[in-house]
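# Per-entry structural report
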Amino acid sequence: MSEVQSAISTLLSSYAKDTPKSLKLIDGYMVYVLLTGIIQFVYVCIAGTFPNNAFLAGFISTVAAFVLAANLRIQTNPKNASQFPTTSPERAFADFIACNVVVHFAVANFLG
Amino acid sequence: MAKFRSLLLVTLLASLSTVIAESWKVSDINLQVASRDGTKKIDHKLEYPQVIDELTASSTDSLKFTFKIQNTERPHQAMVLFQSQDEFQDEIMVAASVKGSGKGRFELEFAKADPKFRYGTRKYSMTFLVGGPKIDEPFKYKLGQIEVQGPSSNPPTRPTRVEYKARPEIYHQFRADQKLINTAISGTFTLLVLTPFAALFLLWGQLGINFAPLKALAHRPLDLIAAVVFFGSITGIEFVFYSYWTHVTLFPVLQYLGVLSLVAFISGRSVLSTVQERRLQRTESAKKSS
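Everything quoted here is computed from the prediction, not taken from an experiment. Every residue gets a number counted from 1 within its own chain, in the order that chain's sequence is written. Labels are handed out in written order, letters beginning with A for the chains and numbers beginning with 1 for the ligands. In keeping with the predicted nature of the model, local features appear solely for residues at pLDDT of at least 70, side-chain atom pairs appear and are counted solely at 80 or more, and the whole-chain, interface and lining totals rest on all residues.

## Focus on the overall build of chain A
- Secondary structure elements are defined from DSSP: runs of H or I of at least 4 residues count as helices, runs of E of at least 2 residues count as strands, and each element is numbered from the N terminus. In terms of helices and strands, chain A carries four helices and zero strands.
- To assign burial, the other C-beta atoms lying within 10 Å of each residue's own C-beta are counted, with C-beta atoms placed from the backbone; 20 or more indicates buried, 12 or fewer indicates exposed, and intermediate counts indicate partly exposed. A buried classification covers 16% of the 112 residues belonging to chain A.
- The contact criterion used here is simple: two residues whose C-beta atoms, placed from the backbone, lie within 7 Å are in contact. Of the contacts formed within chain A by residues at least 6 apart in sequence, a portion of 71% connects residues at least 24 apart.

## A word on the packing of helix H3 (residues 52–76) of chain A against helix H4 (residues 89–111) of chain A
Residue and element names in this part refer to chain A.
- Angles here are taken between N-to-C directions and fall from 0 to 180 degrees, while the axes themselves are lines fitted to C-alpha atoms, restricted in helices to the stretch in contact. Here H3 crosses H4 at 175 degrees, and the two axes come no closer than 10 Å. With respect to H4, the element H3 is oriented roughly antiparallel. Contacts between H3 and H4 pair Asn53, Ala54, Leu56, Ala57, Ile60, Ser61, Ala64, Leu68, Leu72, Gln75 and Thr76 from the former with Pro89, Ala92, Phe93, Phe96, Cys99, Asn100, Val103, Val107, Phe110 and Leu111 from the latter.
- A class-by-class count of the residues in the contact of H3 with H4 yields 16 nonpolar, five polar and no charged. Roughly parallel refers to an angle under 35 degrees, roughly antiparallel to one over 145, roughly perpendicular to one between 65 and 115, and oblique to any angle outside these ranges. Side-chain classes follow a simple rule in which Ala, Val, Leu, Ile, Met, Phe, Trp, Tyr, Cys and Pro form the nonpolar group, Asp, Glu, Lys and Arg form the charged group, and the remainder, Gly included, forms the polar group.

## Structural notes on the sheet that holds strand E6 (residues 91–95) of chain B
Residues and elements named next belong to chain B.
- Two strands pair if DSSP finds at least two bridges between them. Pairing within the open sheet is mixed, and its five strands lie in the order E3-E10-E9-E5-E6. With partners counted over all chains shown, the strands left at the sheet margins are strand E3 (52–57) and E6, one partner each. Within this sheet the neighbouring strands show an average axis-to-axis angle of 30 degrees, counted without direction.

## Quick look at the interface of chain B and chain A
- If you look at the interface, chain B gives 26 residues, while chain A gives 25 residues.
- Those elements that place two or more of their residues in the side of chain B that touches chain A are helix H2 (183–194), helix H3 (196–207), helix H5 (221–246) and helix H6 (250–289) of chain B.
- Considering only residue class, the side of chain B that touches chain A consists of 21 nonpolar, four polar and one charged.

## Notes on the UniProt feature "transmembrane region" (unreviewed entry) in chain B
All names here are of chain B.
- UniProt positions are given in the numbering used here, feature names are shortened, and annotations may be inferred rather than shown by experiment. Residues given the UniProt feature "transmembrane region" (unreviewed entry) here are residues 184–204, 224–245 and 251–272.
- Helix makes up 95% of residues 184–204 and strand 0%, with an end-to-end C-alpha separation of 31 Å.
- Spanning residues 224–245, this segment combines 100% helix with 0% strand, and its end C-alpha atoms are found 32 Å apart.

## Here we look at the pairing of strand E2 (residues 40–46) of chain B
Residue and element names in this part refer to chain B.
- The pairing of strand E1 (residues 26–34) with E2 spans six bridges and is antiparallel. By the bridge assignment, Val33 is partnered in E2 with Ile42.
- Linking two consecutive strands that pair antiparallel, namely E1 and E2, is a turn of five residues; a positive phi of about 100 degrees is found at Gly38 within it.

## Describing the packing of H4 of chain A against H6 of chain B
- Where H4 of chain A contacts H6 of chain B, the axes come no closer than 9 Å and their chain directions differ by 150 degrees. Compared by their axis directions, H4 of chain A and H6 of chain B come out roughly antiparallel. Taken as a pair, H4 of chain A and H6 of chain B cross one another with a handedness that is right-handed. Together, Glu90, Phe93 and Ala94 of chain A of H4 of chain A and Gly268, Leu272, Val275 and Gln276 of chain B of H6 of chain B make up the contact between the two elements.
- Class assignment for the residues of the contact of H4 of chain A with H6 of chain B results in four nonpolar, two polar and one charged. Crossings are sorted by hand: turned counterclockwise from the far helix by less than a right angle, the near helix makes the crossing left-handed, and turned clockwise it makes it right-handed.

Structure (structure tokens):
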């Protein structure tokens, strides 16, 4: 048990030490999106899916935002820079913004 | 000249004669009832107003009817109308064929004719009708009555009378609205869904983000304008999505989006390229210092 605890503590400390600030920013955003999605799901379990399109729009928007943030994180991580030689962090951010705009258009369309 | 005048008179008279209403002249009207083996039971020669009565025919007999049209005009229709003399007042038309010579005839076998003849023993009045378009007044001759006996075995059943009346009114039933959940629960969750913002700002607050580059923007007005335009256009796009959700239709939305996305693209390019420049400068200076 103490091994698990120590493993977790080393994981946390190394995360705090070695991860760049920009990635932590994205991580915070992803945690926020994850929590929002979980709360929406709990609501649906309690209240049912009656305005079905509204639930789908909200849940899809959180899932899509999470996926897009994960992509942004992968592309801006300096350790992955060798895999994306042509994608600068700024380019990745522009893609992130553009994809979010498209997702939000789809979500607004679906909200009805 | 006198010859011409007499010719004119003749043509005038001729045209007058057609103007003076011509009437149908029908002669040689002959009515026969024959049994199935061909022996004549009844043979009547008729003259226009003359009426015959007490004619009888059995269900297997046939009725022969002949006449001759004296007019040069040929009738378009010649028929005998049978009207049953009971409470049903069935009407049966039997058409006669008229040849070019003016001779007309029909033969009616009661066993094979209209099933109305076989509903039972009953009397029919007979009316002979001749008509055509050139002669206004049709020829109408009430011939008299005939009693036709019903068939001895399995007579056709009279179809039940169809009554046309309003059916009971149909009321459209709308499906009941699905129940929305209690507003207290949905309101609670609306607030709950906003709580992750607290987690977001908490996590971001712990990072110790360096706002110096943002502050430095104030000293470079061109970059500041580009940044403001970029974030303004993104906000504008989101606002357009919001109004699309609430009240605006698709096509105006697409127009707004086209303009705003163009602005966002151009301003975003300049903003992100300055960011990239600064990042490259920073990494180079870091390399040199190391």
